[in-house]
Structures are given as C-alpha cells and as structure tokens.
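Chain and residue survey
The lines below spell out each chain.
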Amino acid sequence: MISKIFKIIVNAVLVVLILIAILVVFSFVSFPGNYKVFTVQSGSMEPAIKTGSLIFVKPMSGYNVGDIITRRTTDPKVTITHRIFSKVDINGQTAFETKGDANDGPDGEKFTADGIIGRVLLIIPYLGYPVSFAKTTQGLILIVIIPAVIIIYDEMNKIKGEVRLLAERKKKKEGTGEDDSVFRRKREEE
C-alpha cells in the first residue's frame, strides 16, 4: 500500500518537473504555431496579469488599442508586456504606444508593429515562478537531478526485485523441480 502511494507521488512529481522543463524549453524557442512563452516579472499589468504569471503570446496580422501585447525593447533580453494605449500614423506607418494597467501614464515610447512579438492569448497565474526558477543554475540542477535520482532509485528497486525473484526461482527449482508458473504468478501479484 505504502509503495503504491509512494509511486503515485513520485510519478506526480516527475510529471510536474517534466512539464516545467518543457515550458522552460519553450520559453527559449517558439511553440508550433509560432507561440512564445514569457514570464511576467513586474506588477505593471496588475490586476489583469499578476506578477509571476506565465503568458502565451502569438504574432497577429494586426493590433488594436486595448490589446495586451509583448514587445521588444532596446535590450534583446528584456521584453515588455503592456496594453496598447494609442495607435497613430507617423509618416505613413502605424505607431503604437503602450501603458501598463497599473501605471499612471503611457510608456512614452512609440514603436511600429515590427517591435511587437505578439498578442497575449493565455495567462496562467503563478506558473512563471517555477519556470523562472528552472532557468537558474540551481533550478536546472533541481529539474535534472531530482528526476534522475527518482528514476534511478525506481529502476534499482526493479532490478533488486528481479534478482531476488531469479534467486528464489533457482532455489525452488533445485529443491522441488517445479516449473516457473508459480514464480510468474508471484511476480505478477507484486
């Protein structure tokens, strides 16, 4: 009974860690369909998007005032996720200005659609925290080492059980001459 509960817990932990690892990978590359994953690092969009949320972003053919978008900044490592505050025509090109919902005023920078990564389509609160942690050295070690130790432990238990079963089978065969069917049933019951 305890071993079954332990296996359920171990499998649940493994599934969670694998899902986090997959989200980390997809935060560096695009999902099929050109979706991108980002973690919200500040509260500038609260209450619409809480700090630590995971957001899924997709490029669109057009953007309108009110859309929540993620855009590039001059620093390639930094993105901003804010709501489009205004849309104006400058020299024949559409320019956008954004504003965080929690901010007093607009960001003050106008940019074209080329600077937009995409519109926010899905927000998952708080899931960004473990994904951000997994991107750190400690997090990566935790994501790799914990599942590896669990898998190795589980496999070692299986090997130990097989060796014990083979030893019992050999001992029983030598003593009674019975066939393997008794041991197969025993093995299936475990």
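My aim in this report is to walk through the structure given alongside it, one point at a time. (Residues numbered from 1 in each chain as written. Predicted model: local features only at pLDDT ≥ 70, side-chain atom pairs only at ≥ 80, totals over all residues. Heavy atoms only, no water.)

**Side note on the overall build of the chain**
The secondary structure content of the chain amounts to four helices and six strands. In the chain, the succession of α and β elements from N to C terminus is α-β-β-β-β-β-β-α-α-α. Counting contacts in the chain only where the partners sit at least 6 residues apart, residues at least 24 apart contribute 52% of the total. (Helix = DSSP H or I, 4+ residues; strand = E, 2+ residues; numbered from the N terminus. Contact = heavy atoms within 4.5 Å.)

**Things to note about the nonpolar core**
Judged by nonpolar contacts, Leu17, Ile20, Leu23, Val24, Val37, Leu54, Phe56, Val131, Ala134 and Ile143 together constitute the single largest core of 10 residues. Broken down by secondary-structure element, the contributors of at least two residues to this core are α1 (2-28), β2 (54-58) and α2 (128-134). Examining the composition of this core, we find that four residues originate from one element, α1, more than from any other. Here Val24 is in contact with Val131, Ala134 and Lys135, once residues within four sequence places are set aside. The next biggest cluster of nonpolar side chains, apart from the first, holds nine residues, and it includes Met45, Ile55, Ile68 and Val120. (Core = buried A, V, L, I, M, F, W, Y, C linked by side-chain atoms within 4.5 Å. Buried < 20%, exposed > 50% of the residue type's maximum accessible area, 1.4 Å probe, protein only.)

**Here's the deal with a nonpolar patch on the surface**
Where nonpolar side chains cluster on the molecular surface, the patch consists of Ile5, Ile9, Val13, Phe133, Leu142 and Ile146 and spans about 490 Å² of accessible area. Residue assignment for the nonpolar patch shows that the elements contributing at least two residues are α1 and α3 (137-176). (Patch = residues over 30% accessible without salt bridge, like charges linked within 9 Å, V, L, I, M, F, W, Y side chains within 5 Å. Areas by Shrake-Rupley, 256 points an atom, 1.4 Å probe, with all protein chains shown as cover. Salt bridge = Lys/Arg side-chain N within 4 Å of Asp/Glu carboxyl O.)

**Quick word on the sheet that holds strand β3 (residues 68-72)**
Sheets are built from strands that pair by backbone hydrogen bonding, the pairs being arranged parallel or antiparallel. The strand order β1-β2-β6-β3-β4-β5 describes an open sheet built from six strands, whose pairing is antiparallel. Taken across any chain shown, the strands that pair with only one partner, and hence form the sheet edges, are β1 (36-39) and β5 (93-99). Here the strands of the sheet are splayed against their neighbours by 50° on average, with no regard to which way each runs. Note that strand β4 (residues 79-90) and β5 share seven bridges and pair antiparallel. Opposite Arg83, over in β5, you have Lys99 as the bridge partner. (Pairing = 2+ DSSP bridges. Axes fitted to C-alpha atoms, helices over the stretch in contact; angles between N-to-C directions.)

Take it as geometry only, folks, not as evidence of what the structure does.
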